[in-house]
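Survey of secondary and tertiary structure
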Amino acid sequence: NDIPDLILEMDIVDQLKQRVSLARRLDTAHHKMTKTNHERNWIKNAAKEAEVDLDSDFDRDSDTEIRKSKKDKNAITALKAELNQLLKKPLLARGVSTKFITSGNHPLIEDLMSGSGHAEILGVRGTTAGEATVRRKA
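Counting from 1, residues in each chain are numbered in the order their sequence is written. With pLDDT at 70 or above as the cut-off, local features in this predicted model cover only qualifying residues; side-chain atom pairs require 80 or more to be listed or tallied, and sums for whole chains, interfaces and linings still use all residues. To obtain the side-chain values, all non-hydrogen atoms of the structure were included, while hydrogens and water were left out.

1. Here we look at the pattern of salt bridges
When charged atoms on two side chains of opposite charge get close, those side chains can pair. Short version of the rule: The term salt bridge refers to a pairing of a side-chain nitrogen on Lys or Arg with a carboxyl oxygen on Asp or Glu at a separation within 4 Å. Numbering of helices and strands starts at the N terminus; helices are DSSP runs of H or I of at least 4 residues and strands are runs of E of at least 2. Here the term buried applies to any residue with accessible area under 20% of the maximum for its type, exposed to any over 50%, and partly exposed to those in between, with areas from a 1.4 Å probe on protein chains only.
Using the criterion set out here, one finds one salt bridge in the structure. Salt-bridge contacts for Asp72 lead to Lys68; the nearest nitrogen and oxygen are separated by 3.9 Å. Highlighted residues: Asp72 and Lys68, both in helix H2 (residues 56-88), separated by four residues, approximately one helical turn. Assessed through its relative accessible area of 36%, Lys68 is described here as partly exposed.

Structure representation (structure tokens):
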């Protein structure tokens, strides 16, 4: 096979997995809440256009749904805050110290002085995808 391997920093992949997982949970919760609200509004509008009164069970369920909706909104707000906290933290490669930029397995000072560091991930060289691939020895 002539397909080159892409070298990945597994520590960074783990950090990204955590962020993507949280974003996915946030998206699912938001989609569920939006869908529920859309369905309830559709039923109300259809009943209004047909000039039909909804029964009291729908109103009682509506009160329960309102409480659940508020709870879901609070959960979504908490997930957004948690995701924002994670996104504020820089991605760090293994062996990188942000407190002591001249020490560690990969001193940041070299990247900072030469300008060769990655713009978003501390401790990783700024390379293209082609440069990051390695041909497998046959």
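There's plenty left to go through after this.
2. A short note on unusual backbone geometry
Look at Glu51: it is not a glycine, yet its phi comes out positive at around 55°. When you line up the elements, Glu51 lands in the loop between helix H1 (10-49) and H2. On the basis of relative accessible area, Glu51 is assigned to the exposed category, the value being 74%.

3. What about the nonpolar core?
The test is simple: Note on terminology: a nonpolar core comprises buried Ala, Val, Leu, Ile, Met, Phe, Trp, Tyr and Cys residues joined through side-chain atoms within 4.5 Å. Whether two residues are in contact is decided by their heavy atoms: any pair within 4.5 Å suffices.
Core analysis: the largest hydrophobic core is formed by seven residues, namely Leu22, Leu26, Met33, Ile76, Leu79, Leu83 and Leu86. Residue assignment for this core shows that the elements contributing at least two residues are H1 and H2. Broken down by element, the residue count for this core peaks at four residues, all from H2. Once you skip the residues sitting within four places of it in the chain, Leu79 turns out to touch Leu22, Arg25, Leu26 and Ala29.

It is worth stressing that arrangement in space is one thing and function is another; only the former is reported here.
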